[in-house]
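# Notes for the structure review
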Amino acid sequence: MLMSLLYFAAFAQKNEIKVMYSPLSLQRMDGWGRDLDGLSAKYSGAFILEYNRYVNPRLKLGVNLTYDHENVSGTKTETYKNHRPPFDVTTTTYKQSNKEGWFFFGPQVGYDYIQKDNFCLGSLVGVSMVLINQNDVVENAFSRKGTNVNFFFHAEVINFNWGKTHGLTGQLGYGHKGLFSIGYFVRW
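Residues numbered from 1 in each chain as written. Predicted model: local features only at pLDDT ≥ 70, side-chain atom pairs only at ≥ 80, totals over all residues. Heavy atoms only, no water.

## Quick look at the environment of Tyr94
Structurally, Tyr94 can be placed in strand E5 (residues 89–115). By relative accessible area, which is 14% here, Tyr94 ends up buried. Sequence separation between Tyr94 and Thr77 is 17 residues; the distance between their C-alpha atoms is 6.7 Å. The contact partners of Tyr94, leaving out residues within four places of it in the chain, are Gly74, Thr75, Lys76, Glu78, Val138 and Glu139. (Helix = DSSP H or I, 4+ residues; strand = E, 2+ residues; numbered from the N terminus. Buried < 20%, exposed > 50% of the residue type's maximum accessible area, 1.4 Å probe, protein only. Contact = heavy atoms within 4.5 Å.)

The structure is reproduced here in structure tokens:
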């Protein structure tokens, strides 16, 4: 009984906050290989904030907030050939801008496989509700704003914490946290 109390007293760090950044976010991965037809894309990367609570020494439940932004803009040129006489060709040039902000939030569950004094290694899965704010503008044609709601997920194949009560954290996986992310954690 005394050994059990000493073990749980030694593992008094039950709360954890992580702040991370992913330069290879979901939006950037979605843009790989796409033909933007003369437009250029700028990606902010994914900014991640999460809170986890350990329900036992290895299992943690938490919530995740992630923000990702994409801005596609530029000048497009389209050519139209008239298939009737006089068979002329019309070329139109216009400016286009498409902005999307993605806000993900939802629960997650993780498990630490390895726990040492200054190092933890584990995996995590989570689902999320997604709010997608869109602002599309085509010069002299139309402007459209809107918000869509969707669902998504994240699976961390591997994640780590390096430090006892605070330090470096990171993950490698797929989903709304990006292909990989790196950041800082605090545990108490």
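## Some details on the pairing of strand E6 (residues 119–138)
In this sheet, E6 lies alongside E5 in antiparallel orientation, the contact comprising 17 bridges. Residue Gly101 lies in a different strand from E6, and its bridge partner there is Asn133. Linking E5 to E6, which pair antiparallel, is a turn of three residues. Inspection of the sheet shows E6 paired to strand E7 (residues 142–162) by 19 bridges, in the antiparallel sense. If you follow Val137 over to E7, its bridge partner there is Ser143. (Pairing = 2+ DSSP bridges.)

## Some details on the packing of aromatic side chains
Across all of its chains, the model carries seven aromatic pairs by this definition. Their ring planes at 40° and their centres at 5.5 Å tell us that Phe103 and Phe105 sit as a pair that is tilted. Residue Phe103 is classed as partly exposed on the basis of its relative accessible area of 32%. Their ring planes at 55° and their centres at 6.5 Å tell us that Phe104 and Phe152 sit as a pair that is tilted. Residue Phe104 is located in strand E5, and its partner Phe152 is located in strand E7; the two are separated by 48 residues in the primary sequence. Residue Phe152 is classed as partly exposed on the basis of its relative accessible area of 25%. The structure contains a cluster of three or more aromatic residues connected by ring pairs, namely Trp102, Phe104, Phe152, Phe153 and Tyr174. (Phe/Tyr/Trp six-rings, centres within 6.5 Å; stacked < 30°, edge-to-face > 60°.)

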